[in-house]
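Residue-level structure breakdown
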Amino acid sequence: MFYYIFRRVLMMIPTLIITSALIFAIIEAPPGDYLESYIAELKAQGEAVDNARIEYLREEYGFNKSPIERYFTWVSGMLVGDFGYSFAYELPVTAVVGDRLFLTVVVSIATIIFTWLIAFPIGIYSATRQYSWGDYGFTFLGLLGIAIPNFLLALVLMYLANVWFGTSIGGLVDPEFVGQPMSWPKFMSVLSHLWVPVIVIGTAGTAGMVRRIRANLLDELQKQYVTTARAKGLHPFRALVKYPLRMSLNFFISDIGSLLPAVISGAEVVAIVLSLETTGPLLIAALQKQDMYLAGSFLMFLSLLTVIGVLISDIALAWLDPRIRLSGGVRK
Amino acid sequence: MTLPANATPLPHTVSDRPFDPDAIYQFTDAQKALFEASQLRLMWWKFKRHKPALISGIFLAVLYFSILISEILAPYNLETRNSKFIYAPPQSVHLFHNGEFVGPFVYGFDFKLNMDNLKREYVPNPDKVQPIRFFCSGEKYKFWGLIEGSFRLMCPAKNGTLFLMGTDRLGRDVLSRIIYGARISLTIGLLGVGVSLVLGVVIGGLAGYYGGLFDTLSQRLIEVIQSLPSIPLWLALAAILPITWSPIVVYFGITVILGLLDWTGLARTVRSKLLSLREEDYVSAAQVMGANDRRIVFRHLVPGFASHLIATATIAIPTMILGETTLSFLGLGLRPPITSWGVLLTEAQNINAVALYPWLLWPVAPVILVVLAYNFFGDGLRDAADPYK
């Protein structure tokens, strides 16, 4: 087991190296750099462009060096915990992201709990009553959740929340609480805003999860040990929960890996529509403005989390299910 | 699977001695039909039984046919601006006027500018009965930009209007724009899946059949691509497309981007299928009979998972349609004058549109319908392609 974990950790290294190169290439690829768009912006506003200052900035941020040199500066910086500097915010990347992290985590965890609370009962219901009207109905609802573009659902729900409950448009708190310390009324205000993003982000995920719980549980329910358990007179609920449900949860554990980055990134597009102060819109804006260290380091951080998440779920799977072989993986 | 080191494969031989398959057991005609049916025919039989999939398939076929004749179906041209009817609400179709049967018609609008809030108000005027003309000569168009024509399925009455889904901020008919938008929205998914299918089959196929270093490398690459969040990646790639490109080139660029990020799942499927299939007895048999790699792959292995592959690809199409919608919504996808459903929805992206001009949300209806139809159709195809069900 220890050897397995050690090997898996070693395998992460080449993956992360390729990832960092890929991310850097993608961020470098659009023509121009942040300074160029900065100069253009200054000119558009009719302000004088101080050439000496531009030269200084170019020097300072290393735009005069070759991309390969910059790549190595960036990577070696990250190794010692220096994620670079955001041009647009004129702050270190860690400070910019850190400000928004708390809210992002709140929204994400609320969404995950919502998804689980809805998806598990429905998935189990659909699997135990396959081809019933309820099963068809939930399947259709789930597909509908996938089919409606998220940003549109967000807009419509935000509008309805405003019309029905008088919730203010956009953001996570009423305007009068912005910048106030946390208090009971502020907390209630957050709660009244939270349900829109949670439902919108949750719908698509819930639909996918219901389908997978249903499929996995159906596979298990067909097996002979379930028939045996029933024949021996085990209570139907126990005969469902004790073994088949537990066995069908393997997929769920392997999903935990992808949860980790999702918690941090937040659903970008929905967050933009609802003007939530989460990290998603920050990342999108950074990509659009070519704020390259902010975008690059954040993407890198996300993929690091994915890799760690996959590692955690692999270890958990190997630990929970002895049938999963440690040496060969999936290969024959 | 592998021959001993010093052995050479035999020349490829298939015995041509006469062989009577019915020598041992006589089959009934029905059994014969079943046993002799090709894989495609078996799939079709199974597919027909899946009613939602069949209906979805027909629905999609009709839609794809419609994009061939968009000009004829739409009552207006894509860019026709009715400057007197900006943000006009949908006109509903009536059949009876004052208890008298007139046939399908709409009431013309009276326009008034509300001086309190400067909102344009359109009131249907019950005196203006404007019968809808069918199979008529309407506004001139250029069929596929080539042939001039004016024949349309339905047109507004002379000097009348026909806005069944209202108009947008330039007074363009929303229904007509949806009909034209189908051209882009429906094909972008197909082309994107085409790109990802080619990449997935080639890379996954090489990795699965030859294994070794290429396999390890491609697996790492797939892992890397899958570990990156998709929307930022789309954005970053879409930002690479130069602004100077013409809209039609951008359209192809976007399809390639959508395809570039989607092939990983397909490549994994192909690889794992090949890995399991190449251990099958019939592959070993072909090998000892001396068939070369190309023959084994294309003659024996590809037919084994082609149907499954097509079903998987079908299910990926709606993701691409939604992806285009999202990219266009963020202003990084297609740009006018190219009109897709996603581009149309960018008009409805603020809360004002939802509150004041809800008919601008109509383009979401075809998006939902098409995504649903593709999901059912793909499910049916996948079930039909699975020989063990």
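Residues numbered from 1 in each chain as written. Chains lettered and ligands numbered in written order. Predicted model: local features only at pLDDT ≥ 70, side-chain atom pairs only at ≥ 80, totals over all residues.

This paragraph deals with the overall build of chain B. Looking only at helices and strands, chain B features 13 helices and five strands. A globule of 389 residues ought to have a C-alpha radius of gyration of about 21 Å, yet chain B, at 28 Å, is considerably larger. Overall, the C-alpha framework of chain B stretches about 95 × 55 × 35 Å when taken along its three principal axes. Here chain B holds 389 residues, and 35% of them are scored as buried. The long-range share in chain B, meaning contacts at least 24 apart out of those at least 6 apart in sequence, stands at 71%. (Helix = DSSP H or I, 4+ residues; strand = E, 2+ residues; numbered from the N terminus. Rg over C-alpha atoms; globule rule 2.2 N^0.38 Å. Buried ≥ 20, exposed ≤ 12 C-beta atoms within 10 Å, placed from the backbone. Contact = placed C-beta atoms within 7 Å.)

Turning our attention to the overall build of chain A. Counting its regular elements, chain A contains 14 helices and two strands. Relative to its full complement of 332 residues, chain A shows a buried share of 32%. Sequence separation of 24 or more characterises 73% of the internal contacts of chain A that already satisfy a separation of 6 or more.

Assignment of secondary structure puts Leu-356 of chain B in helix 12 (residues 351–356). Measuring from C-alpha to C-alpha, the distance between Leu-356 of chain B and Ile-203 of chain B comes to 50 Å, with 153 residues separating the pair along the chain.

What follows deals with the confidence of the model for chain B. Residues and elements named next belong to chain B. With 98% of its residues at a pLDDT of 70 or more, chain B shows a mean pLDDT of 81. Per-element confidence in chain B ranges from a low mean pLDDT of 73 for helix 7 (residues 230–240) to a high of 90 for helix 3 (residues 51–66). The ipTM for the predicted assembly is 0.74, set against a pTM of 0.79. (pLDDT = per-residue confidence, 0-100.)

For the rest of this paragraph, the subject is unusual backbone geometry. Residue and element names in this part refer to chain B. Here the phi dihedral of Tyr-87 falls at roughly 55 degrees; this positive angle occurs in a residue that is not glycine. Relative to the helices and strands, Tyr-87 resides in the loop between helix 4 (70–73) and strand 1 (94–97). Judged by C-beta crowding, with 19 C-beta atoms within 10 Å, Tyr-87 ranks as partly exposed. Of note in this structure, Phe-135 is not a glycine but carries a positive phi near 45 degrees. With respect to the helices and strands, Phe-135 occurs in strand 4 (residues 133–143). Judged by C-beta crowding, with 10 C-beta atoms within 10 Å, Phe-135 ranks as exposed.

Moving on, we come to the interface of chain B and chain A. The interface is formed by 33 residues belonging to chain B together with 36 residues belonging to chain A. Elements with a contribution of two residues or more to the side of chain B that touches chain A: helix 6 (212–227), helix 7, helix 10 (293–329), helix 12 and helix 13 (364–385) of chain B. Here the side of chain B that touches chain A gets seven residues from one element, more than from any other, and that element is helix 7 of chain B. Of the residues assigned to the side of chain B that touches chain A, the class counts are 26 nonpolar, four polar and three charged. (Nonpolar A, V, L, I, M, F, W, Y, C, P; charged D, E, K, R; others polar.)

Residues and elements named next belong to chain A. It is at 8 Å that the axes of helix 8 (residues 184–221) and helix 10 (residues 236–247) come closest, and there the two elements cross at 120 degrees. Taken together, the axis directions place helix 8 and helix 10 in an arrangement best described as oblique. In the packing of helix 8 onto helix 10, the handedness of the crossing is right-handed. Residues Leu-217, Glu-220 and Leu-221 of helix 8 lie in contact with helix 10, whose contacting residues are Pro-244, Leu-245 and Met-247. Tallied by class, residues from the contact of helix 8 with helix 10 come to five nonpolar, no polar and one charged. (Axes fitted to C-alpha atoms, helices over the stretch in contact; angles between N-to-C directions. Parallel < 35°, antiparallel > 145°, perpendicular 65-115°, else oblique. Left-handed = near helix turned anticlockwise from the far one by under 90°.)

Turning our eyes to something else, we now look at helix 10 of chain A. Residues and elements named next belong to chain A. Taking 1.5 Å of rise per residue, the 12 residues of helix 10 would be expected to cover 16 Å, and the 16 Å separating its terminal C-alpha atoms lies within 8% of that figure. Within the sequence span of helix 10, burial applies to Ala-239, Leu-240 and Pro-244. When helix 10 is viewed along its axis, its buried side chains cluster within an angular range of 90 degrees and face the same direction. Exposed residues lying more than 90 degrees from the buried face of helix 10 are Phe-237, Arg-238, Val-241 and Arg-246. (Expected span 1.5 Å × (residues − 1). Arc of directions from axis to C-beta.)

All names here are of chain B. Two strands pair when backbone bridges link them, and strand 4 and strand 5 (residues 147–155) are joined in this way by seven bridges, in the antiparallel orientation. If you follow Ser-137 over to strand 5, its bridge partner there is Phe-151. Here strand 4 folds back onto strand 5, and the loop between the two strands holds three residues, one of which, Trp-144, carries a positive phi near 50 degrees. (Pairing = 2+ DSSP bridges.)

The next subject is the confidence of the model for chain A. Here chain A averages 78 in pLDDT, while 88% of its residues score no lower than 70. In the predicted structure, residues 327–332 of chain A sits below a pLDDT of 50 and forms two contacts with residues beyond four places in sequence or in another chain.

Residue and element names in this part refer to chain A. Two elements in contact, helix 7 (residues 150–165) and helix 8, have axes whose closest approach is 10 Å; the angle formed by their N-to-C orientations is 150 degrees. When the axes of helix 7 and helix 8 are compared, the pair comes out roughly antiparallel. Our pair here, helix 7 against helix 8, has a crossing hand that is right-handed. Along the contact surface, helix 7 presents Asn-150, Leu-153, Ala-154, Leu-157, Met-158, Ala-161 and Phe-165, while helix 8 presents Ser-192, Val-196, Ile-199, Val-200, Thr-203 and Ala-204. Of the residues that constitute the contact of helix 7 with helix 8, the class distribution is 10 nonpolar, three polar and no charged.

Turning next to the sheet that holds strand 1 of chain B. All names here are of chain B. In space, the three strands of this open sheet follow the order 1-2-3, with antiparallel pairing throughout. Each of the sheet's edge strands pairs with one partner strand only, and the pair in question is strand 1 and strand 3 (119–131). For this sheet, the mean inter-axis angle between neighbouring strands, taken without regard to orientation, is 55 degrees. Where strand 1 lies against strand 2 (residues 100–114), three bridges are found, and the strand directions are antiparallel. Considered in strand 2, the bridge of His-94 is made with Phe-105.

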